[in-house]
Structure formats: structure tokens, C-alpha cells
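Structural description and commentary
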Amino acid sequence: MNSTDITVAVIGMNDREVDDLIELLTTEEMTITRPPRSGLLMMTVKDSFDADFHLGEVLVTEAAVSMGGSEGFGMVSGEQPRKALARAAADALLRAGRPEPLCEAVQNCLTRAHLRQMAHQAADTALTASTRVSFDLMAGA
């Protein structure tokens, strides 16, 4: 699971999943090097002419930890200090690259959350598709 997938998985976790992940991660000695704090991040998007457009500022929460000699950083949208810490701790643990049962358990937790989110998104897409109107068929009526 790459860095983007970890962030997507953690952001989409519900409170129970975040608690499960934090419980797994706190079995290792961890130092919080930057406690969760809120900040603003400029949201830049491309307009229809492929030029950068500053949409505005987005509230984020960031945190940093050190675990087993490896540094981890987490940034999530909104005011979510537990998710930022969970993201940072998962980052530090998985960066260390140690093939341990703990790394496998954390990967499984993140994968389960990601699969649940993808299933939810697929269900939403199917629901939306079922309401699609074909205006070509309506023209002949």
C-alpha cells in the first residue's frame, strides 16, 4: 500500500476503525515529535484552460511521530487529531519496512478500511447510475 492509499484509507475510516488502528500501533514504542495541530493549506486546482487556480484554504490536521528509528508524518483534512496521529504512526511503522506480524496487521487493517470504502463508493455509483435519464429516448416521445 503506497503513501496515498494509506492516507485515503485513514481519512475514510470510521471511529471504530481508527481506534482499532491506534490500538495496533500503540503496541510499539512511539514518540510524538509534533503533536496534532490544525493548519490551513492552499487548495490549488486546474481551471478549464489548464492554469492553476487557488480555490481557497482547506483546514487540515497534521502530526509527526518517531517509531523504531523511523519518522512518520500524517496530514488529514478537517479537525481530526486522532486520524492525523494514526496516519503518522502507520507511516513510521511501514517506512521501517520490518516484516513483522504488527506490520502485517496494520496493512490488513488499512486494506479492510480501503476495501470497505471502495464497496461503499461502488454502491453509491450504482445508485446514481440507476437514476440516469436518457434524453435521446425522451426526444422521440
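Below is a summary of the structure that appears in this document. (Residues numbered from 1 in each chain as written. Predicted model: local features only at pLDDT ≥ 70, side-chain atom pairs only at ≥ 80, totals over all residues. Heavy atoms only, no water.)

As a packed pair, helix H3 (residues 81-96) and helix H4 (residues 101-129) sit with axes 10 Å apart at the nearest point and diverge in direction by 130°. When the axis of H3 is compared with that of H4, the two are oblique. Handedness of the H3/H4 crossing: left-handed. Between H3 and H4, the contacting residues are Ala90, Leu93 and Leu94 on the first element and Leu102, Cys103, Val106, Gln107 and Leu110 on the second. The residue makeup of the contact of H3 with H4, split by class, is seven nonpolar, one polar and no charged. (Axes fitted to C-alpha atoms, helices over the stretch in contact; angles between N-to-C directions. Helix = DSSP H or I, 4+ residues; strand = E, 2+ residues; numbered from the N terminus. Parallel < 35°, antiparallel > 145°, perpendicular 65-115°, else oblique. Left-handed = near helix turned anticlockwise from the far one by under 90°. Contact = heavy atoms within 4.5 Å. Nonpolar A, V, L, I, M, F, W, Y, C, P; charged D, E, K, R; others polar.)

Another point: the sheet that holds strand S3 (residues 70-77). Pairing in this open sheet of three strands is antiparallel, and the strands run S1-S2-S3 from one edge to the other. Each having just a single partner strand, strand S1 (30-46) and S3 make up the two edges of the open sheet. Between one strand and the next, the sheet's axes are offset by a mean angle of 25°, whatever the strand orientation. Here strand S2 (residues 52-67) runs beside S3; their pairing, made up of eight bridges, is antiparallel. From the neighbouring strand, glutamate 62 faces S3, where its bridge partner is methionine 75. Together, S1, S2 and S3 form the strand contacts of H3, whose direction differs from that of S3 by roughly 145°. (Pairing = 2+ DSSP bridges.)

Taken residue by residue, helix H2 (residues 15-25) has Glu17, Val18, Leu21, Ile22 and Leu25 as its buried positions. Buried residues of H2, seen end-on, are gathered within an arc of 135° and therefore sit on one face of the element. Turned more than 90 degrees off the buried face of H2, the exposed positions are Asp15, Arg16 and Glu23. One side-chain oxygen of the residue at the start of H2 lies 3.2 Å from the amide nitrogen of arginine 16, identifying that residue as asparagine 14. (Buried < 20%, exposed > 50% of the residue type's maximum accessible area, 1.4 Å probe, protein only. Arc of directions from axis to C-beta. Polar contact = N/O pair within 3.5 Å; in protein donor to acceptor, adjacent residues only side chain to side chain.)

A cluster of nonpolar side chains, namely Met43, Phe53 and Leu55, defines an oily patch on the protein surface of about 290 Å² accessible area. Residue placement: phenylalanine 53 occurs in strand S2. (Patch = residues over 30% accessible without salt bridge, like charges linked within 9 Å, V, L, I, M, F, W, Y side chains within 5 Å. Areas by Shrake-Rupley, 256 points an atom, 1.4 Å probe, with all protein chains shown as cover. Salt bridge = Lys/Arg side-chain N within 4 Å of Asp/Glu carboxyl O.)

This part takes up the environment of threonine 26. Following the sequence through the fold, threonine 26 ends up in the loop between H2 and S1. Taking the C-alpha atoms as reference, threonine 26 lies 27 Å from leucine 59; in sequence the two are 33 residues apart.

With 14 bridges connecting them, S1 and S2 associate as antiparallel partners. In the sheet register, valine 45 faces S2, and the bridge partner there is phenylalanine 53. Connecting S1 to the next strand, S2, in antiparallel fashion are five residues, including aspartate 50 with a positive phi near 65°. The antiparallel pairing of S2 with S3 creates a hairpin that spans two residues between the two strands, and glycine 68 there sits at a positive phi of about 60°.

In terms of nonpolar packing, the biggest core is built from 22 residues, with Met13, Leu21, Leu25, Leu93, Val106 and Leu110 touching the most fellow members. Among the secondary structure elements, those contributing two or more residues to this core are helix H1 (3-11), H2, S2, H3 and H4. Ignoring any residue separated from it by four or fewer positions in sequence, one finds valine 106 in contact with Leu21, Leu24, Leu25, Ala90, Leu93 and Leu94. (Core = buried A, V, L, I, M, F, W, Y, C linked by side-chain atoms within 4.5 Å.)

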